[in-house]
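Chain by chain, the residues:
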Amino acid sequence: MLEVRDLHFAHRGRPALFNALSFVARPGEVLALIGRNGAGKSTLVRLINGLAKPSQGEVLLDGDGLTGLRADQLAGRVATLFQTPEQQIFHDTVEAEVTFGLTHIGLDRTQVRQRVEDALRRTGLLEQGHRHPLDLDHASRRMVAMACLLARKPRVILLDEPQRGLDARMRARMSRLIEEERQRGAIQILICHDMEFVARHADDVLALHETGPVWADALEFFADAERARRIGVGQPLAIELCQELGQPGCLRLDEVLRVWLG
Amino acid sequence: MPLIDMQHLNFAYREHAVLRDVNLQLEVGEHLAVIGGNGCGKTTFGHWLSGRLVQGETGNSSGSLLIDGRPWSAFEPLEHARTVQFVGQLPEQQITGLAATVADEVAFGARNLGLSVVEVDRRVEQVLRACELQALAQANPFELSGGELQRLGIGAAMAMQPKVLILDEPGSNLDPASRQVLINTLRQLRQHTTLVLLDVCVEFALQLATRFAILETGQLHHFAEPDAFLRAADRFGTLTGSPVADVGLALRARNLRAQSASLPTTVAALVSELKDLSDA
C-alpha cells in the first residue's frame, strides 16, 4: 500500500501547496490526481518519486519510508512517466533505452532480453527497436518511456498525462497498458485533464484545489456536478447523461447506453 | 487573392514521404482545423505553413506556397514575425529564456516588433487577462506548471497579433476549465486572425473551426461541415476528443439512428436523442 502521510510542501516564495495532505492507494488501484493547472499535481508526483522533498510528512510503501531513499533505491519501486518523454530519453536506440533501466539490478541476460521484448511488444514498438527514439513521433516517444517503465515492473507507477496528444489507436493502447498493470497489482497514480479517460480508469480521485484537497471514490466525486465545476474539472459524459436521464450514476458510457436502451 | 495559397505541395524526410500533393487556400479570418493521427505529418504541415521549412532550402520538396502572393523566402524576419506565429506542442520549447517574468515573456515579441511602450503594455494586459495569467504576471516562466506554460506560449504569440496563428495541440496541457477559457479567447480572434489548429482531438475544432481537414497518409481531405468531418475522422480511426459524437457513432453502429442523420455535437442534443430512442 502507498501511504502519503501528513505531507507539507511549498515552492520557494509561494503559498503552501500542501498542508497535512494524507491519502492511501492500494495494489491494483488507479488513483486519479485532478485539478486546475498549477494546483500541484506534478509537484505531488515529484514528492512521491523523490525529486522533491516535503518540509514535513512522509511517503510510505508497505510501511517503508520512501522519502529518504536514494534515487537508485527508489527506482526499482517507483517509476514515472513524465509529461514530456523527451526529458527522460537519452539513448540512441529504442532497445538500448529500454534495456538501460534493467542493467545492474540482478537480472541475467536472458531475463533482460525477455523483459525488453515484452515491453516493446506491449507498447507496439517491437519493429522500432533499432530506431533513434527522437526520430519517432511524439506519441511513440511516450510509448518508449512507457516501455522503460513497464520493463522495470515497479510497485508504484506515476503517470503524468499519459493520454496527452494520443490519437484514438494510441489511447486505446495506453488504456490497455493501465488495465494490464492494474491486473499485475501495481499502484497507479494518474494525472489527467481528460475526465473521460479518468472515468474509464480511476477507482478514486484526489482533486487538488485552493480550498483544500478532496479525496473520494471516483463515482461519488463526479456525482456532485457543482463541486466538479468549482474545482474546474467538470463531469465525464456518462455521469452527465445519467443525471439528465434520471439513471443511477455510472462512469462507463457503454454501461449507460446498455441500461437506457436495453 | 487568398492569404495562404498552397499548391501541390509534396515533402519527404529522406525517403519517407510526409505530405503528398497538398492543396490549401485560406482567406483572412478563416479558422481551419487539421486533424490527424499520431505521426501523420500535422506538425510538418504546420512548419511549412509557418515558413519554418522554406522552398528551395529544404530537400525532397516540390509544389508552391505563397503568403499574400509571395513565397516565405521573400519575407524579411520582422515582416515574417508580424505575419505568422507558430505555437508548438512543447510549451517549454516555446519560451525565450530571456524574460525573468511572465509579463516580460508576453512583452518580448511585441517589443521586438518596434511597438510603443504604451501599446506593448496594453497588449500584455489584454493577453494576461485573456489567458488567465494575471496572478502569475511576476512569476518566473521556468517555475510554471505545464498548463500555465502552454497558456503563456499561446499568449506571447497572441500579443504579436499575427495575421496567421498556428496552434499545434493547443489544449493538450490544459485543465477543462482553462480549455474552455482558451476556446472563448480564440473565438474572439475570428474576424482579425486566420487560425490554423493542428490536433489529434476534435474538441477545439468543433467549437472554433469554420473549415475542417483531415491529414491522412500525407493527403489533406477538406470538409466544409462538421458532420461530414466527424464521420470521416471516425472512418480514418482518428476521432478522439468528442465523447458526444462517439456516442452518436455508437448508436449508428447499433442501427439505432439513421445513417444520414447529423451527429449530435452537444450533450443536450444527445440527451434529446436518447429520450426519443427510449420512447420509441
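As a reminder, the structure under discussion sits directly above these lines.
What counts and how
Residue numbers here run from 1 along each chain, matching the order of that chain's written sequence. Lettering for chains starts from A, numbering for ligands starts from 1, and both go in the order in which the items are written. Residues qualify for local features only when their pLDDT is at least 70, as the model is predicted, and side-chain atom pairs are given and counted only at 80 or more; totals for whole chains, interfaces and linings, by contrast, use all residues. Only DSSP runs of H or I with at least four residues qualify as helices, and only runs of E with at least two residues qualify as strands; both kinds are numbered from the N terminus onward. Two things to know: the radius of gyration comes from C-alpha atoms, and the globule rule equals 2.2 Å times the number of residues to the power 0.38. For the exposure call, what matters is how many other C-beta atoms sit within 10 Å of a residue's own: 20 or more marks it buried, 12 or fewer exposed, and in between partly exposed, using C-beta atoms placed from the backbone. In this description, a residue-residue contact is defined by the distance between C-beta atoms placed from the backbone, which must lie within 7 Å. At least two bridges found by DSSP between two strands is the condition for calling them paired. In this analysis, axes come from line fits to C-alpha atoms, helices being fitted only over the stretch in contact, and the angle between any two N-to-C directions falls in the range 0 to 180 degrees. The span expected for a helix works out to 1.5 Å for each residue beyond the first. Each residue receives one of three labels: charged for Asp, Glu, Lys and Arg, nonpolar for Ala, Val, Leu, Ile, Met, Phe, Trp, Tyr, Cys and Pro, and polar for the others, Gly being one of them. Each crossing gets its handedness from the near helix: less than a right angle anticlockwise from the far helix is left-handed, clockwise is right-handed.

Tallying secondary structure elements over chain B gives 10 helices and nine strands in all. Relative to the 2.2 N^0.38 estimate, which gives 19 Å for 280 residues, the radius of gyration of chain B is 20 Å and therefore close to what a compact globule would have. In terms of its C-alpha atoms, chain B occupies a principal-axis envelope of roughly 65 × 45 × 35 Å. Taken across its 280 residues, chain B has 47% of its residues classed as buried. For chain B, the share of sequence-separated contacts (at least 6 apart) that also reach a separation of at least 24 residues comes to 63%.

Residues and elements named next belong to chain A. Pairing is antiparallel across the open sheet formed by four strands, whose spatial order is β2-β1-β4-β5. Each edge of the open sheet carries a strand with a single partner, namely β2 (16-25) and β5 (64-65). Sheet contacts for helix α1 (residues 41-48): β1 (2-10), β2 and β4 (56-61); angle to β1, the most-contacted strand, approximately 120°.

Residues and elements named next belong to chain A. A rise of 1.5 Å per residue sets the reference length of helix α5 (residues 138-151), with its 14 residues, at 20 Å; its end C-alpha atoms lie 20 Å apart and thus fit the reference within 8%. Of all the 14 residues making up α5, 14 are buried; the element is thus mostly covered by neighbouring parts of the structure. Downstream of α5 by a residue or two, Lys 153 has a phi angle that is positive, lying close to 50°.

So, on to the sheet that holds strand β4 (residues 61-67) of chain B. Residue and element names in this part refer to chain B. The sheet built from three strands is open, its strands ordered β2-β1-β4 with antiparallel pairing. Each having just a single partner strand, β2 (16-26) and β4 make up the two edges of the open sheet. Direction aside, neighbouring strands of the sheet carry axes that sit 20° apart on average. Here strand β1 (residues 4-13) runs beside β4; their pairing, made up of six bridges, is antiparallel. When the sheet's bridge partners are listed, Gln 7 is paired in β4 with Ser 64. Across the sheet, helix α1 (residues 42-50) touches β1, β2 and β4, and the angle it forms with β1 is around 130°.

Contact residues are listed per partner, giving 33 residues for chain B and 34 residues for chain A. Of all the secondary structure elements, the ones that give two or more residues to the side of chain B that touches chain A are α5 (146-158), α6 (176-187), α9 (243-253) and α10 (267-279) of chain B. When residues of the side of chain B that touches chain A are assigned to their parent elements, the largest contribution, five residues, is made by α10(B). Residue composition of the side of chain B that touches chain A, by class: 15 nonpolar, 13 polar and five charged.

Residue and element names in this part refer to chain B. Orientation of helix α3 (residues 102-112) relative to α5, taken along the N-to-C sense of each, is 35°, at an axis distance of 7 Å. Remark: the crossing between α3 and α5 carries right-handed chirality. Along the contact surface, α3 presents Val 102, Glu 105, Val 106, Phe 108 and Gly 109, while α5 presents Leu 152, Gly 155 and Ala 156. By residue class, the composition of the contact of α3 with α5 is five nonpolar, two polar and one charged.

Another point: the environment of A:Val112. Residues and elements named next belong to chain A. Mapped onto the elements of the fold, Val 112 is located in helix α4 (residues 109-122). On the basis of neighbour counts, which here come to 17 C-beta atoms within 10 Å, the residue Val 112 falls in the partly exposed class. Setting aside its immediate chain neighbours within four residues, Val 112 contacts Thr 99, Leu 102 and Leu 107.

Limitation: the analysis is restricted to geometry and does not speak to function.
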